[in-house]
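# Descriptive structure summary
Spelled out, the chains give:
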Amino acid sequence: MYQELRFVLVVHEGRCSIMVSTDLSLAATDIIRLYSYRFKIECTFREMKQVTHAFGYRFWSKSMPKLNRFLRKEEAHPLEAVTNEQDRQRIQKTIQAIEGFVMCQCIAMGLLQLVALQFSGRTSGLFFRYLRTPSHAVVSEASVAAYLRKSIFRLFVQSPHLSITKIIKSKQENADAEHDSLVS
């Protein structure tokens, strides 16, 4: 707790900010740059949470013990009490499922960002929803996700030559028109 800190006072457009670093060897400009990265990372986590629901996984195993968030240092961790090999494997598979889910959501967020950067200027349909502070240069990941949710199936029908469209088509059952008319 009692260690030397490096403080950097930043005045930008009349606003004062104080930044702190435990690394005394960093230059003031490096500390400012590192804080800017942190802000970008926090914004990305917020978008991942709100747009792709990256941290909304519900994977659990009955083999996992109830975890105590208020564990004292001298107490043993509940995972250390798991000695059955099958239970340990189930816990490892659960963790792999969680990590795989989050990885897929990171990929989805990257794809949304690429689409936003690539097609913002070309597609006026991305601006179909209300935005408090719209950017006319690049749309947000949330706008791209909302646009795709609204129109992805129409885009698939318009592009039957795409590999993904062919895969989806091959997985669908061939329904008879006769069966379809019986439903109505």
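Notes on the structure in this doc start here.

Conventions we followed
- As a convention, each chain's residues are numbered from 1 in the sequence order in which they are written.
- Restriction of local features to residues with pLDDT of at least 70 applies here, the model being predicted, together with a cutoff of 80 or more for giving and counting side-chain atom pairs; totals for whole chains, interfaces and linings are based on all residues.
- Side-chain calculation: all heavy atoms of the structure are included, whereas hydrogens and water are not.
- Only DSSP runs of H or I reaching four residues or more are called helices, and only runs of E reaching two or more are called strands; each is numbered from the N terminus.
- Remark: exposure states derive from per-residue accessible area (1.4 Å probe, protein chains only) relative to the maximum for the residue type, with buried under 20%, exposed over 50%, and partly exposed in between.
- Working rule for contacts: check all heavy atoms of both residues, and any pair within 4.5 Å makes them a contact.
- What sets the accessible areas is the Shrake-Rupley method with a 1.4 Å probe; for residues, cover comes only from the shown protein chains.
- Only buried residues count toward a nonpolar core. Its members are Ala, Val, Leu, Ile, Met, Phe, Trp, Tyr and Cys residues joined through side-chain atoms within 4.5 Å.
- In the sections that follow, a salt bridge refers to a side-chain nitrogen of Lys or Arg positioned within 4 Å of a carboxyl oxygen of Asp or Glu.
- Strands are treated as partners if at least two bridges between them are detected by DSSP.

Here we come to the overall build of the protein chain. In terms of helices and strands, the protein chain carries 5 helices and 2 strands. From first element to last, N terminus to C terminus, the protein chain shows the α and β order β-β-α-α-α-α-α. A burial count over the protein chain gives 20% of its 184 residues as buried. A separation of at least 24 residues holds for 35% of the contacts in the protein chain among residues at least 6 apart in sequence. Within the structure as shown, the protein chain displays about 15,400 Å² of accessible surface, and the carbon and sulfur contribution to it stands at 57%.

Attention now goes to the nonpolar core. Grouped together as the largest cluster of nonpolar side chains are 10 residues: M48, V51, A54, M109, L112, A116, V139, A142, V144 and A145. Looking at this core, the elements that each hand over two or more residues are α2 (85-119) and α3 (141-158). Counting residues in hydrophobic clusters, the runner-up holds 5 residues, among them V8, V10, L26 and I31.

Now for the pattern of salt bridges. A complete count under the given rule lists 3 salt bridges for this structure. For the salt bridge of D30 with R33, the shortest nitrogen-to-oxygen distance reads 3.1 Å. With D30 and R33 both in helix α1 (residues 28-50) and 3 residues apart, the pair spans about one turn of that helix. Given a relative accessible area of 36%, R33 falls into the partly exposed group. The residue R46 makes a salt bridge to E47 at a minimum N-O spacing of 3.2 Å. By relative accessible area, E47 is classed as buried at 13%.

This next bit is on the pairing of strand β2 (residues 15-21). Here strand β1 (residues 6-12) pairs with β2 via 7 bridges, running antiparallel. Residue V11 lies in a different strand from β2, and its bridge partner there is C16. Hairpin geometry of β1 and β2 is characterised by an intervening segment of 2 residues between the two adjacent antiparallel strands and by a positive phi of about 50 degrees at E13.

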